[in-house]
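Structural description and commentary
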Amino acid sequence: MRVQRDEKQCLSEYTQAETECWSEQTQSEWGDCLGEGFVSVLPEKADLYLKQSDLSDVMGLWNQMSEYSRKNFSKRYGQIASLLFVKVEKQMMHAAVQFWDPSYRCFTFNQIDLTPTLEEYTALLGLEFHRPDKIFLKREKPEYAKNLSSILGIKREAFSAHIKKKGDHECLTKKFLCDFIQRHLEDEGGWAAFALAIYGLIIFPTVIGHIEVGVIDLFQGIRRHFNPVPAILAETFRSLNFCRRTGSARFRGCQQLLYVWLRSHLDSKQKAFIKPYSIPIQEFCEPEWPIAKSKMDLICFLKRLSEEQVVWMAPWMPQVSVLFRCGKMPWVPLLGLSGVIGYAPLMVLRQFGANQFVPTTHGLRELDYEYREPNAFERTKSILQMWKDTHRMIVGPLVDKDKVTPKYEIWRNQRVKDSVASSECFPRPISIVPPEPTLSEADLVMQRLETEKKEWEKEKSKLQETVSQLKSDAMVQEINISNLKRDRDMVQANLEELRKENKKLKIQSCEEKEMEIECLKAAVEFWKGKAKDNGQKLDNELQERQVLKEKYEQIYFDSLKLEIENKKLKAMIELETRENERLVHECQFKEEMYSKAVISMKEYQKRNEELEAQLNQN
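Let us look at the structure shown here. The model shown is predicted, which means the values in this text are computed figures rather than measured ones.

Conventions and cut-offs
- Residues numbered from 1 in each chain as written.
- Predicted model: local features only at pLDDT ≥ 70, side-chain atom pairs only at ≥ 80, totals over all residues.
- Heavy atoms only, no water.
- Helix = DSSP H or I, 4+ residues; strand = E, 2+ residues; numbered from the N terminus.
- Buried < 20%, exposed > 50% of the residue type's maximum accessible area, 1.4 Å probe, protein only.
- Contact = heavy atoms within 4.5 Å.
- Areas by Shrake-Rupley, 256 points an atom, 1.4 Å probe, with all protein chains shown as cover.
- Arc of directions from axis to C-beta.
- 1 Å grid on protein atoms, 1.4 Å probe; cavity = no way out; pocket = protein on both sides within 12 Å on 5 of 7 lines; lining within 4 Å.
- Points joined across faces, edges and corners; volume = space filled by probe spheres on them.
- Nonpolar A, V, L, I, M, F, W, Y, C, P; charged D, E, K, R; others polar.
- Pairing = 2+ DSSP bridges.

Quick notes on the overall build of the protein
Scanning the protein from N- to C-terminus turns up 17 helices and 15 strands. Expressed as a percentage of the 618 residues in the protein, the buried residues total 39%. Taking the contacts inside the protein whose residues are at least 6 apart along the sequence as the reference set, 79% of them involve residues at least 24 apart. Summing over all exposed atoms, the protein offers an accessible surface of approximately 38,000 Å²; the carbon and sulfur share of this is 55%.

Structural notes on helix 3 (residues 67-77)
Within the sequence span of helix 3, burial applies to Ser69, Asn72, Phe73 and Tyr77. For helix 3, the angular spread of buried residues about the axis comes to 105°, placing them on one side. The exposed set on the far side of helix 3, more than 90 degrees from its buried face, consists of Tyr68, Lys71 and Lys75. Tucked inside the fold, the buried residues of helix 3 contact helix 2 (56-64), helix 8 (188-203) and helix 9 (213-223). Two residues or fewer past helix 3, Gly78 is found with a positive phi of approximately 80°.

Considering the layout of surface pockets
Empty space within the second largest pocket amounts to approximately 970 Å³. What lines the second largest pocket is a set of 31 residues, and nearest its centre among them are His169, Leu337, Ser338, Glu370 and Arg372. Taken together, the elements giving at least two residues each to the lining of the second largest pocket come down to strand 8 (169-173), helix 9, helix 10 (229-246), strand 10 (248-250) and strand 14 (368-370). For the lining of the second largest pocket, the element with the highest residue contribution is helix 10, accounting for six residues. Taken together, the residues of the lining of the second largest pocket sort by class into nine nonpolar, six polar and 16 charged.

A closer look at the pairing of strand 8
Inspection of the sheet shows strand 7 (residues 163-166) paired to strand 8 by four bridges, in the antiparallel sense. Paired with Ile163 across the two strands is Leu172, which belongs to strand 8. The antiparallel hairpin formed by strand 7 and strand 8 contains two residues in its connecting segment, where Gly167 sits at a positive phi of about 65°. In the sheet, strand 8 pairs with strand 9 (residues 210-212) via three bridges, with the strands oriented antiparallel. If you follow Thr173 over to strand 9, its bridge partner there is His210.

A few points about empty space enclosed by the protein
Under the definition given, this model contains one cavity of 30 Å³ or more. Reported here for the largest cavity is a volume of approximately 30 Å³. If you trace the largest cavity, you find it lined by Leu48, Met93, Ala96, Val97, Phe107, Leu240, Leu258 and Leu262. Put simply, the parts of the chain that give the lining of the largest cavity at least two residues each are helix 4 (90-97) and helix 11 (255-266). Here the element with the most residues in the lining of the largest cavity is helix 4; it accounts for three residues.

As structure tokens, this is what we get:
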């Protein structure tokens, strides 16, 4: 086991033998997902409502984009634009949902378990992450207004009128987003809006013709390098569970991704994917697929599906390590936009090119809840912490791929399934049991020959695959040989040029070489003298700069002293100014008192004169 830790993440890696030992021991101690006595209550039939938004205007915008914009878009957001051109065969989807097991989160076709995985969806979408375990957590209070302003680079007033209420969901209209893309078709804002439209209309089609505001918050997380694949897979599983348990509902997952994934495992022998690890969705849209079968024929085909008819590891799937556990949970919890659900990738190890052993499924059925339930966000935060402690299984090269262990075969045969046998394919059994036919010796020989013929056909197909592989290897070798020949010719040409130069050098006389040497020596002496002069000049300049520096420091200190003295003088002037103002006020006050005294004196003299005049009269 290898453990890698940083400040925020702990990643543990295990070999296949270590994982197998842990899984079998845990399963034997804890038990299975469903116990004995469990009775499935699923309806006998399930119908999917597969209506989607009209994407013709979005496809037209993509066709108007320049090649430069398309390449930059794909570099930033992966191959999500290819989903626009996937034509979903509805009969295949209707038939496949009949075999969905909502407890184990997998399709069970006959004795075969298949389910979409995080690694497969990541490869299909062409996404790359430096930290794939950094996942999106839906907030209890959405911040779509702030996030949409950041994504489009516009103010809230520009789009607030285009936020509509559709049932329980707040949504952004498709028309507003398409108009914005049309105006910014060749810049980063338009590319971001186009990616948001694909995520809201195709990958998370919550409301037809609108982008649900939760998708806006998720897309802002994608721009911050969050991994959206767990949310995509969570919504797919939760929608399949709801459709299968209710019997009829609208599918709210990504139809295009699920359909390409199904055809890759069931029909990829049609040579649809000829370039492994490139752009699988784009290549899926190129070849002509066989004529679509009816729902009844597809159900019969899936009910009788054998291991020889399945392509376990899709041609476009690279060999990667498998995320099989988070924290203390024995499987992987997925956080979606509407709720949380778990899935067990150890059930489908053959899809990764590994051998299949007994998976751990205890408690898988219980983890399936919506965010609207009480205390849902508190539970979700604890699950998010588990994603900081992830466990991965390293898939090494195997000689015999797609094999199963004996313990797995026993577990698969004894497993309690959450499914109902469909009666659409076969008629009801008749109570009369027909007698067993007796086979003649010729019939037995024919049976043996038929068996041998099938074995020879298998060997033939293997040999044909080997031959095709050898042909491709031969082509690669031819290309390598041509490259080597070209390199050899270039080396020979360079060698000839070197030989010619060598001959020219030999033709020159010794005197010419001595003259060249003398010239070089003179040049060396000249440059030495010049370097010495330059060194002296540099020393003089350094001394002058030192003197200037000292003068500058002295001037600086003198200026500081003058500034301090200036401040003192200013303070003294202010004090004197205040004292002068006080004296002026006192003088003014005394002048007022003096003028009042003069006036009083004059009045007193006037009164005295009046009294003297009265006395003289008397």
